[in-house]
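In case you want the letters, here they are:
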Amino acid sequence: MKTAKSLLSNTLALGMAAFLFPYGAQAVSDDAQKYHRLYEENCASCHGSDHGGFLAPALNNETLKGRSPTALRTIVMTGSFDTLMPPFYGRLSDDDIRGLVKHLQSTPKLDNPAWTIDDMKASLKVYISDESKLPEKPAYAIDDMDDIIGVAARGKYGRGEGSKAVFINSKTHQKVGEIPTNAAAHIIDYNPANPRWAYVKNDTAEIFKVDLYSMQVVRSIKTGFNGPGLGVSRDGKYLMAGSYVPHNAVILNADTLEPLKTFELEGVDPDGNLVSSDSGMVIGTPYADVLVVALENAGQVWVVDLKDDFPVTKIENVGRHLHDAFLTHNGTKLMVASYDDSIVTAIDLKERKIIKKLDAGCVPHVGGGAAVQVDGRTLGFGTNFGDCSKTVVSVWDLDKMEVVKQVPVAGGTESPAAHQNAPYVAVDIISKDRRARTVQLIDKKSLEVVKTLDVGGHAYFPEYSADGKYLYVSAGYNGDEVAVFDSTSLEKVAAVPMESPAGIFSHGRVKYITRGLSPEESKGAHQ
Amino acid sequence: MKVLFISGALMAGILAATSADAASIYAGQTQAAQVCSHCHGVRTPSADAPFPPLAGRDVEYLQKALKEYRDKTRKSDIMNAIAGSLSDDDIADVAAYYAQQAINP
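Each value, and the rule that gives it
- Residues numbered from 1 in each chain as written.
- Chains lettered and ligands numbered in written order.
- Predicted model: local features only at pLDDT ≥ 70, side-chain atom pairs only at ≥ 80, totals over all residues.
- Heavy atoms only, no water.
- Helix = DSSP H or I, 4+ residues; strand = E, 2+ residues; numbered from the N terminus.
- Contact = heavy atoms within 4.5 Å.
- Pairing = 2+ DSSP bridges.
- Axes fitted to C-alpha atoms, helices over the stretch in contact; angles between N-to-C directions.
- Buried < 20%, exposed > 50% of the residue type's maximum accessible area, 1.4 Å probe, protein only.
- Salt bridge = Lys/Arg side-chain N within 4 Å of Asp/Glu carboxyl O.
- pLDDT = per-residue confidence, 0-100.
- Parallel < 35°, antiparallel > 145°, perpendicular 65-115°, else oblique.
- Nonpolar A, V, L, I, M, F, W, Y, C, P; charged D, E, K, R; others polar.
- Left-handed = near helix turned anticlockwise from the far one by under 90°.

A.B. asks: Even after reading the chapter, I still don't get the overall build of chain B, so can you show me in this structure?
C.D. replies: Each helix and strand counted, chain B has 5 helices and 0 strands in total. For chain B, the α and β elements follow one another from N to C terminus as α-α-α-α-α. In chain B, the share of contacts with a sequence separation of at least 24, taken over all contacts with a separation of at least 6, comes to 65%.

In structure tokens form, the structure reads like this:
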């Protein structure tokens, strides 16, 4: 693993120069070029390489207009407590920080740069050309590959040594491997057809094909500048990745990572305007050979058939500012969150049309979604940022497609976790104060919050182990560990140290279409 | 380095806001640690950050260092501003907190 790691970072360092500076041509003076470069190297993975924002606010002459340069300089030096904004004191010189602030206050948001299928092809890297020489089974002790839990460790600065995908055996809570990802790891997906392959996407839209048996990267490709969208087809043959910058999505061969077809994301939004759009979630479904992508700004969901020239069926008017989604009913129905309408839209993927729009609290962010079977009903749980007076988690009856209850919780929420064998649905509270250190547990039967857990750092992305016995939670920002709890007693049983852990992804997800349902329910029940 | 007073004030704000709630799960010594950890981390030192790790360090040393920053006998723009707002009790608490943390790799 050591060699793989240094090999990878060397190759990355070489490759990086090529795409770090996409705007070189626009920079006029040497100074502008220098600060542009500092920005791309240190800030762009969070603030957007077009200065338009990503995980962090947009930084440009409009958004920073009239702001005191001194105050901005302080934020850059000390960072912003309890957020991802790291302190650059000691990493950048005082002069550079002053220069950067000046540069940011005078730079407009840049045009969406191009990243074509040819750019993608040129970025494809092969680290292991002969995959037949890879070991036939895991090089570490593990009962079942579904026991693997992958954690996207961001690293304090969102890039560098701390940025990696960390893989843990969820029965022993021991690390079994880690993959350096250059920029913060963001999404981890697993191949449903072959347990050895994982796909990791980082904050600069690079995708790494990882061999989980030998814990090394075999190939990588850069599909854009940022954007979290990534999905795998049910047969494990295709990937689809979507970007915020530029506004496109691409189908890749999951085996070779070669790009097969790109899609310009634009369409008529629910208000009748033709808009170019960020890519929201991308998802595969066990129900058919399709990959589905949400067009955030156009409010459309596109279903791409994985055949011929990848024809697209467009479902319009899904909502305003779509984001993420989850599947139900054997993968035939898709629940898509719409930020600006505060609804979740149920889509029938067979008919390729909207079934119904359901209330979803305010600014719904459903994470990977969660659904459980209780007393003969299939209940879905909807988290939401809750940027309004009442903070609730929505519970829907997914058979009848109606709201059952809005469960009051302590603050905004970002991601739910459930498991058929665990008594509680866990939701992470994200409100920007000490509540952010907590996860609340909703009893599946009473649909009430029964317990609040302090995880010792900014708590997010709860995830159950494949057997449902343990609840993993990222104690991110300054907790710097993944905390593991017994799912019934809620006692803390282990901690796995890493820098700024974020998303947690159980390999068990390949078995159930949505977390909380059993594999059987996911296969056939409730067609 | 006038600007750094802002972070000092912010720190004081954070410390004051949380100390009212003594019975909460946020025990006294972790309050400051939440602020300090933004730069120093808790148990896991950042691979890339230029800040000295504090976990598992000698408690006397930590207290002495913080008092020197507070008195400005030890100069550091950033630590002078931060330690300036700490009371003797805060220093004792946070030093004890960090000293007892096991170091992670």
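A.B. asks: Would you mind showing me how to read the sheet that holds strand β28 (residues 424-429) of chain A here?
C.D. replies: Backbone-to-backbone hydrogen bonds pair the strands of a sheet. The strands run either parallel or antiparallel. All names here are of chain A. Read from one edge to the other, the open sheet built from 4 strands follows the order β27-β28-β29-β30, with strand pairing classed as antiparallel. This sheet does not close on itself; its edge strands, each paired only once, are β27 (413-417) and β30 (449-454). With strand direction ignored, the average angle separating the axes of adjacent strands in the sheet is 25°. Bridge count between β28 and strand β29 (residues 438-443): 5 bridges; the pairing is antiparallel. What sits directly across from Ala426, in β29, is Leu441.

A.B. asks: Honestly, unusual backbone geometry in this entry has me stumped. Any pointers?
C.D. replies: Peptide bonds are, in most cases, trans, and in most cases residues other than glycine have a negative phi. All names here are of chain A. The linkage connecting Val245 with the following residue, Pro246, adopts the cis geometry, with an omega of -10°. Tracing the backbone shows Pro246 in the loop between β10 (238-242) and β11 (248-253). Unlike most non-glycine residues, Asp375 shows phi in positive territory, near 45°. Note that Asp375 resides in the loop between β23 (370-374) and β24 (377-382). Among the residues examined, Asp375 registers a relative accessible area of 65% and is labelled exposed. The phi dihedral of Leu490 falls on the positive side, at around 65°, and the residue is not glycine. By the element assignment, Leu490 lies in the loop between β33 (481-486) and β34 (492-497). You can call Leu490 buried: its relative accessible area is 7%.

A.B. asks: What is the right way to read the pairing of strand β4 (residues 174-180) of chain A from this model?
C.D. replies: Side-chain direction in a regular strand flips from residue to residue, so the side chains alternate between the two faces of the sheet. Residues and elements named next belong to chain A. Summarising burial for β4: 5 of the 7 residues are buried, a large majority. Note: strand β3 (residues 164-169) against β4, 6 bridges, orientation antiparallel. Following the sheet pairing, Val166 is matched in β4 by Glu178. Between β3 and β4, which pair antiparallel and follow one another directly, the connecting turn spans 4 residues, one of which, His173, has a positive phi of 65°.

A.B. asks: Please explain the pattern of salt bridges as it appears in this structure.
C.D. replies: A side chain with one charge may pair with a side chain of the opposite charge, provided their charged atoms come close. Residue and element names in this part refer to chain A. Inspection of every chain in the model, using the stated rule, returns 29 salt bridges over all chains. Salt-bridge contacts for Asp94 lead to Arg98; the nearest nitrogen and oxygen are separated by 3.3 Å. Linking Asp94 with Arg98, this pair stays in helix α5 (residues 94-106), spanning 4 residues, or about one helical turn. Here Asp94 falls in the partly exposed class, since its relative accessible area comes to 27%. A salt bridge links Asp146 to Lys511, with the nearest nitrogen and oxygen atoms 3.8 Å apart.

A.B. asks: Teacher, can you tell me more about the confidence of the model for chain B here?
C.D. replies: Residues and elements named next belong to chain B. Counting all residues, the mean pLDDT for chain B is 73, and 69% of those residues have values of 70 or more. Element-level mean pLDDT values for chain B span from 36 in helix α1 (residues 4-19) up to 96 in helix α3 (residues 59-71). Low pLDDT, under 50, characterises residues 1-28; the predicted model gives this stretch 40 contacts beyond four residues in sequence or across chains. For this predicted complex, the interface score ipTM comes out at 0.74, alongside a pTM of 0.88.

A.B. asks: What am I meant to see in the sheet that holds strand β18 (residues 312-315) of chain A here?
C.D. replies: All names here are of chain A. If you trace the 4 strands from one edge of the open sheet to the other, you get β15-β16-β17-β18, paired in antiparallel fashion. Single-partner strands in this sheet number two, and they are β15 (279-285) and β18. This sheet shows a mean twist of 20° between the axes of neighbouring strands, independent of strand direction. Note that strand β17 (residues 300-305) and β18 share 4 bridges and pair antiparallel. Its bridge partner being in β18, Val304 is matched across the sheet by Val312.

A.B. asks: Is there a simple way to explain the packing of helix α2 (residues 30-42) of chain A against α5 of chain A in this structure?
C.D. replies: Helix-helix packing: each pair is described by the crossing angle between the helix axes and the interaxial distance. All names here are of chain A. Direction vectors running N to C along α2 and α5 enclose 100°, while the axes themselves pass 10 Å from each other. One way to sum up the angle between α2 and α5 is to call them roughly perpendicular. Contacts between α2 and α5 involve Ala32, Lys34, Tyr35, His36, Leu38 and Tyr39 from the first element and Asp95, Asp96, Gly99, Leu100, His103 and Leu104 from the second. Broken down by class, the residue content of the contact of α2 with α5 amounts to 6 nonpolar, 3 polar and 3 charged.

A.B. asks: What's the story with the packing of helix α4 (residues 69-78) of chain A against α5 of chain A in this structure? I'm lost.
C.D. replies: All names here are of chain A. At a closest axis distance of 10 Å, the pairing of α4 and α5 adopts a crossing angle of 125°. Classified by the interaxial angle, the pair formed by α4 and α5 is oblique. Along this stretch, α4 crosses α5, giving a crossing that reads as right-handed. Of the residues in α5, those in contact with Pro69, Leu72, Arg73, Val76 and Met77 of α4 are Asp94, Ile97, Arg98, Val101 and Gln105.

A.B. asks: How do you make sense of the pairing of β27 of chain A when you look at a structure like this?
C.D. replies: All names here are of chain A. Here β27 lies mainly inside the structure; 5 of its 5 residues are buried. Of the pairings in the sheet, the one linking β27 to β28 comprises 3 bridges and is antiparallel in character. Directly across from Ala417, in β28, lies its bridge partner Ala426. Linking two consecutive strands that pair antiparallel, namely β27 and β28, is a turn of 6 residues.

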